[in-house]
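Structure assessment
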Amino acid sequence: MPGEDERDPVVVTGIGVVAPNGWGVKEFWAATLAGRSGLAPVSRFDTSGYRAHVAGEVNFEPKDHLPSRLLPQTDHMTRLALVAAEEALADAGVSPAGMPEFACGVVTAASAGGFEFGQRELEALWSKGGSHVSAYQSFAWFYPVNTGQISIRHGMRGPGSALVAEQAGGLDALAKARRTVRSGTPVMLSGGVDGSLCPWSWLCLTRSGTMSPEPDPARAFLPFDAAASGSVPGEGGALLVLEDPAQAAERGAEHRYGAIAGHASTFDPRPGSGRPPALRRAIELALDDARLTAADVDVVFADASGVPAQDAEEAAVLAAVFGARGVPVTAPKTMTGRLSAGGAPLDVAAALLSLRDSAIPPTIHIGQSSYAAELDLVLDQPREASLRTALVLARGHGGFNSALIVTA
């Protein structure tokens, strides 16, 4: 029975993806293995007055994918999340309408909510007055909006929540969904689809000081490279269907991509404390949760921020845990940008597909790695390998760290 053992496995039976380099799992994975980038100059507004100019955009025609009644009340981010949710549930063969009333729940992660929607309504407020502001502004900007809209659309009345921890939040959401399945909810949809590419959010992002000013998409995002100059934002992500394995077997689930085997999250000490970052502790606790050792890990999907100081910290931690060049390391987010709370779930989807196909996706655009002596970075081409266990890392702005382990 689910919930009898806090370490019971929880399996992934469905994946839905919307990414700058591919729409849907099949297209995304083909593009990722081929090293096709979705980074390009921002097309939605003029960035000439800003410090940064490149992003990973997902452009689509909403009316071709969603009911017209949803369009006035949803931000671009939420529309992407609804499409990813539909693909994940279809991939898993799960129909919430045919299950008991509270059997299916939703946990998503978000970093900022529907900024684009919010900017439009604030412009209406300033220029025309309060009577011109949409009533949907009351929730379209809100962090839990993706959870709410997905739950309403699919009648998923089980446990629902949202986490806010920037990049790390996507892994924490999956971990929370795993705990919920172990506690007795048969099916959870979880992960993150995030991103706000509009002038308001762009100003906030550029003021962080971590974004790359490089206008060439092939040179803007170079994690672990000697020429790294910062990160590139993007939008999109992945949603996964998590199930109790007995429930999945009973209903004849077509896919069992793998299991969520371990997770841990930590928080860095305050700056100036002299204490080391807590990423290493997150990795070690996740390994303990999975009852594994560092020697069991076959590939690491790195956080790979592109900010030189943060890359140096991560490279040092990986070398300390696994030994110098002790495990293959990859960062396919060089093809998508950093998708805020959607980035780590997309890495989890890629990790599960890597286990399925025995192929590690490449890190592209890297010239001279600053950490060649420490990291066995998979560059340019996918690497064939026998894979059973993958570690996915995510670090959120402000000191969040999260580590999640998936097994075949």
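It should be noted that the structure appears before, not after, this text.
The text that follows walks through the structure, step by step, so that each part is easy to find. Here the structure is a predicted model, which is why all the values come from computation and not from measurement.

The buried fraction of strand β16 (residues 400–407) amounts to seven of the eight residues, a majority that puts the element mostly inside the structure. One ladder, built from eight bridges, connects strand β9 (residues 258–267) with β16; its direction is antiparallel. Each bridged residue has a counterpart across the sheet, and for S265 the counterpart in β16 is S402. Note: strand β15 (residues 389–396) against β16, eight bridges, orientation antiparallel. Pairing of V392 across the sheet is with L404, part of β16. Taking the residues between adjacent antiparallel strands as the criterion, β15 and β16 are bridged by three residues, where G398 takes a positive phi near 100 degrees.

So, on to the packing of aromatic side chains. Taken as a whole and judged by the stated rule, the model has six aromatic pairs. Aromatic pair F45 and W202: ring centres 5.9 Å apart, planes at 75 degrees, arrangement edge-to-face. In this pair, F45 sits in the loop between β3 (39–41) and β4 (54–56) while W202 sits in helix α7 (residues 199–207), placing the two residues 157 residues apart along the sequence. Across this residue pair, the class does not change: F45 and W202 are buried. Relative to F400, the ring of F267 has its centre 5.2 Å away and its plane inclined at 80 degrees; by these criteria the two rings are edge-to-face. In this pair, F267 sits in strand β9 while F400 sits in strand β16, placing the two residues 133 residues apart along the sequence.

Here the largest pocket is characterised by a volume of approximately 1,000 Å³. In this structure, the largest pocket is lined by 44 residues; those nearest its centre are E166, T210, G396, H397 and G398. Looking at the lining of the largest pocket, the elements that each hand over two or more residues are α7, α11 (308–322), β15 and β16. If one sorts the elements of the lining of the largest pocket by residue count, α7 sits on top with three residues. Here the lining of the largest pocket is composed, by residue class, of 17 nonpolar, 18 polar and nine charged. Roughly 220 Å³ of internal volume is contained in the second largest pocket.

Quick notes on the rules
Residues numbered from 1 in each chain as written. Predicted model: local features only at pLDDT ≥ 70, side-chain atom pairs only at ≥ 80, totals over all residues. Heavy atoms only, no water. Buried < 20%, exposed > 50% of the residue type's maximum accessible area, 1.4 Å probe, protein only. Helix = DSSP H or I, 4+ residues; strand = E, 2+ residues; numbered from the N terminus. Pairing = 2+ DSSP bridges. Phe/Tyr/Trp six-rings, centres within 6.5 Å; stacked < 30°, edge-to-face > 60°. 1 Å grid on protein atoms, 1.4 Å probe; cavity = no way out; pocket = protein on both sides within 12 Å on 5 of 7 lines; lining within 4 Å. Points joined across faces, edges and corners; volume = space filled by probe spheres on them. Nonpolar A, V, L, I, M, F, W, Y, C, P; charged D, E, K, R; others polar.

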